[in-house]
Amino acid sequence: MTKTGLAFQQCIMPGCGATYDVGEVRTSCDKCGALLDIAYDWDRLAPPDSLKWFESKWSRRNEPLCRSGVWRFRELLPFAPAEKIVTIGEGQTPLHPSVGVAKYIGLEQDKLFLQYEGMNPSGSFKDNGMTAAFSHAHMIGAKRAACASTGNTSASLALYCCMSKLMQAVIFIGSGKISYGKLSQALDYGALTMQIAGDFDDAMQRVREISQKLGIYLVNSVNPFRLEGQKTIMLRVLESLDWEVPDWIVVPGGNLGNSSSFGKAFSELKELGLIDRVPRLAIINAAGADTLFELHENRGLRWNGGNPDRKIVDSYHAELDAAGQRADTIASAIEINRPVNLDKCLRALEQCHGVVREATDQQILDAKSQVGASGLGCEPASAASVAGAKMLREEGVIEPGERVVCILTGHQLKDPTATVAYHTSDQAEFNRVLGSRGVNTAAYANRAVQVENDLDAIVRAIQLNS
Ligand SMILES: *Cc1c(COP(=O)(O)O)cnc(C)c1O
Ligand SMILES: [Zn+2]
């Protein structure tokens, strides 16, 4: 229970503050049950005194730890010895300005940026965290690693296992809405895939029990090492903006690991004097899985200096149970009603003067079509960030001249079913594939033109439609 070394694990509750060695495997504090942070003795570690210093690594493409968009910042997540780090070239992701999406949101045309995390090796931002958790698993000698997943965490874990040959992947998915894009990755990469009769929240509960019981290393975002890797998404955003802090970071919220890690990144950078202000954070839930929105915006739940009002959370969960309410949204990656990182996320909201909004499936799919129309494309959950930014702009919370970065968390090809159904001309077909969700597909649909197999008919149809 004592802090040893320059990096250690620490209970997030200031009133407890218990510390644990980084060599231990745990996802909560023994003393009080709260989540853990990875903390550092910065005085003795002496990190660089300017973020610009990291640019010197750009050219060293032959060194895997410099090529990785996570580990070239390793002085800011120094918990692993270099020889234990497992990297597959994650985090080489670009920040793209988008005039089209700026217009859709209602921002001045050069103010909107999309951080394209779909460009990661497994196609989602999860690789940023997985390389960190996986390296820790390797440090402590794990032979099997497990996660519950709506699809992307499992794709990422399966890929790290498959490429490194260091561990076996054991993944738990619900029997509901996992997209074929994601499931196909886990199967291809050879993960032991357990499909349980239940949803993500059920799978999450089970994987925690199983990993405890069988001593399997857990890589869900309750794992504090995951979040260390995800901090670097913000470092790359800053880097692309020539180290200028934007006004807003907008991110979808599911299990709330990403938003929590962003808050930690900015508060550490501020504490280290590497930035002079923090951006504001906007976290966007799907309306069908809006626990954070409900608790933060409607019931006044706050971090409150490390004393969040447990009664508010408990009574909300009791209501969900009583009503038998399950998360339900087309944005399957954020279809989560019991976010495991709730407390850390509340802290991030406080540190970054944050707000939470919820977007309907209609808003999400319309926003997604606009991201696609500007060229990058993303999966539905990712577009919640764009839908949320639009909403906040309309409310006047975001000003037209503010610089806004939306995180595109996953690749367009992760969930082609949703995209094709949106663009399809037939509402009945949409309902058949995706269930009736009150989504009006007409908004920005680019329908396939149905035409007979006849030369003249095809010519007429092209002339008619172009
Ligand atoms: C995991 C995931 C999210 C949710 O991130 P959290 O850290 O769980 O809040 C959002 N979008 C995509 C594509 C994801 O894979
Ligand atoms: Zn504690």
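Residues numbered from 1 in each chain as written. Chains lettered and ligands numbered in written order. Predicted model: local features only at pLDDT ≥ 70, side-chain atom pairs only at ≥ 80, totals over all residues. Heavy atoms only, no water.

Caption draft 1: Focus on the overall build of the protein chain. Of regular secondary structure, the protein chain possesses 17 helices and 13 strands. Whereas a compact globule of 466 residues would reach a radius of gyration of roughly 23 Å, the protein chain reaches 22 Å, a difference of no more than 12%. Overall, the C-alpha framework of the protein chain stretches about 80 × 50 × 45 Å when taken along its three principal axes. Scored against the burial criterion, the 466 residues of the protein chain give a buried share of 58%. As displayed, the protein chain has an accessible area near 18700 Å², and 49% of this comes from carbon and sulfur atoms. Computed over 48 positive and 54 negative side-chain charges, the separation of the two mean positions in the protein chain equals 4 Å. (Helix = DSSP H or I, 4+ residues; strand = E, 2+ residues; numbered from the N terminus. Rg over C-alpha atoms; globule rule 2.2 N^0.38 Å. Buried < 20%, exposed > 50% of the residue type's maximum accessible area, 1.4 Å probe, protein only. Areas by Shrake-Rupley, 256 points an atom, 1.4 Å probe, with all protein chains shown as cover. Lys, Arg positive; Asp, Glu negative; His and termini not counted. Charge placed at Lys NZ, Arg CZ, Asp CG, Glu CD.)

Caption draft 2: Up close: the packing of aromatic side chains. Under the defined criterion, the tally for this structure stands at 7 aromatic pairs. Geometrically, the ring pair formed by Tyr40 and Trp42 is tilted, given 4.8 Å between the ring centres and 45° between the ring planes. Pair check on accessibility: Tyr40 and Trp42 agree, each one buried. Consider the rings of Phe134 and Tyr160, whose centres lie 5.8 Å apart with planes at 45°: the pair is tilted. With Phe134 in helix α4 (residues 126–139) and Tyr160 in helix α5 (residues 152–164), this pair connects stretches of sequence that are 26 residues apart. We note that Phe134, like Tyr160, is buried. Members of the aromatic cluster, connected to one another through ring pairs, are Trp53, Phe54 and Phe73. A cation over a ring is seen here: Arg26 above Tyr20, with NZ or CZ 4.1 Å from the ring centre. Sitting above the plane of the Tyr104 ring, Lys390 keeps its charged end 4.6 Å from the centroid. (Phe/Tyr/Trp six-rings, centres within 6.5 Å; stacked < 30°, edge-to-face > 60°. Lys NZ or Arg CZ within 6 Å of the ring centre and 35° of its normal.)

Caption draft 3: A look at the packing of helix α13 (residues 361–373) against helix α14 (residues 380–395). At a minimum axis separation of 7 Å, α13 and α14 run at an interaxial angle of 100°. Comparing the axis directions of α13 and α14 gives the class roughly perpendicular. Between α13 and α14, the contacting residues are Gln363, Ile364, Leu365, Ala367, Lys368 and Val371 on the first element and Pro380, Ala383, Ala384, Val386, Ala387 and Met391 on the second. Partitioning the contact of α13 with α14 into residue classes produces 10 nonpolar, 1 polar and 1 charged. (Axes fitted to C-alpha atoms, helices over the stretch in contact; angles between N-to-C directions. Parallel < 35°, antiparallel > 145°, perpendicular 65-115°, else oblique. Contact = heavy atoms within 4.5 Å. Nonpolar A, V, L, I, M, F, W, Y, C, P; charged D, E, K, R; others polar.)

Caption draft 4: The coordination of the zinc ion (ligand 2), seen in detail. Ligation of the zinc ion (ligand 2) by protein atoms is provided by Cys11 (SG), Cys16 (SG), Cys29 (SG) and Cys32 (SG), these donors lying 2.3 Å from the ion. Angles of 95 to 117° at the metal separate the 4 donor atoms of the zinc ion (ligand 2), which places the site in the tetrahedral class. Look at where the donors of the zinc ion (ligand 2) fall in the sequence and you get C-x4-C-x12-C-x2-C. Of this pair, Cys16 sits in the loop between β1 (7–11) and β2 (19–21) while Cys29 sits in the loop between β2 and β3 (36–40), placing them 13 residues apart in sequence. (Donors = N, O, S within 2.8 Å, 3.2 Å for Na, K, Ca; no water. Tetrahedral: all angles 85-135°; square planar, octahedral: opposite > 155°, others 65-115°.)

Caption draft 5: Focus on the site of ligand 1. Lining the immediate environment of ligand 1, one finds 15 residues, of which Lys126, Asn152, Gly254, Asn255 and Thr409 sit closest. At 2.8 Å, a backbone N or O of Asn255 approaches an oxygen atom of ligand 1. Thr409 is positioned with one of its side-chain polar atoms (N or O) 2.7 Å from a nitrogen atom of ligand 1. Summarising the interface, the protein chains cover 97% of the accessible area of ligand 1, which totals 380 Å² for the free molecule. (Near = heavy atom within 4 Å. Polar contact = N/O pair within 3.5 Å; in protein donor to acceptor, adjacent residues only side chain to side chain.)

Caption draft 6: Region of the structure containing unusual backbone geometry. Even without being a glycine, Lys165 presents a positive backbone phi close to 60°. Note that Lys165 resides in the loop between α5 and β7 (168–173).

Caption draft 7: Structural view of the side chain of Thr409. With respect to the helices and strands, the residue Thr409 is situated in the loop between β13 (404–408) and α15 (416–423). Residue classification places Thr409 among the buried positions, given a relative accessible area of 8%. Setting aside anything within four residues of it in sequence, one finds Thr409 in contact with Glu117, Gly118, Gly123, Ser124, Phe125, Pro252, Asn258, Ala381 and Ser382.

Caption draft 8: Quick look at the UniProt feature "modified residue: N6-(pyridoxal phosphate)lysine" (unreviewed entry) in the protein chain. When the UniProt feature table is mapped to this numbering, "modified residue: N6-(pyridoxal phosphate)lysine" (unreviewed entry) covers Lys126. For Lys126, a relative accessible area of 11% gives the class buried. Filtering out sequence-adjacent residues up to four positions away, Lys126 remains in contact with Asn152, Thr153, Ser156 and Arg226. (UniProt positions renumbered as here; feature names shortened; annotations may be inferred.)

Caption draft 9: The arrangement of a nonpolar patch on the surface in detail. A cluster of nonpolar residues, Val449, Val451, Ile458 and Ile462, forms a patch on the protein surface that exposes about 320 Å² of accessible area. Take Ile458: it is sitting in helix α17 (residues 455–465). Taking the relative accessible area as the measure of exposure, Ile458 reaches 32% and is therefore partly exposed. (Patch = residues over 30% accessible without salt bridge, like charges linked within 9 Å, V, L, I, M, F, W, Y side chains within 5 Å. Salt bridge = Lys/Arg side-chain N within 4 Å of Asp/Glu carboxyl O.)

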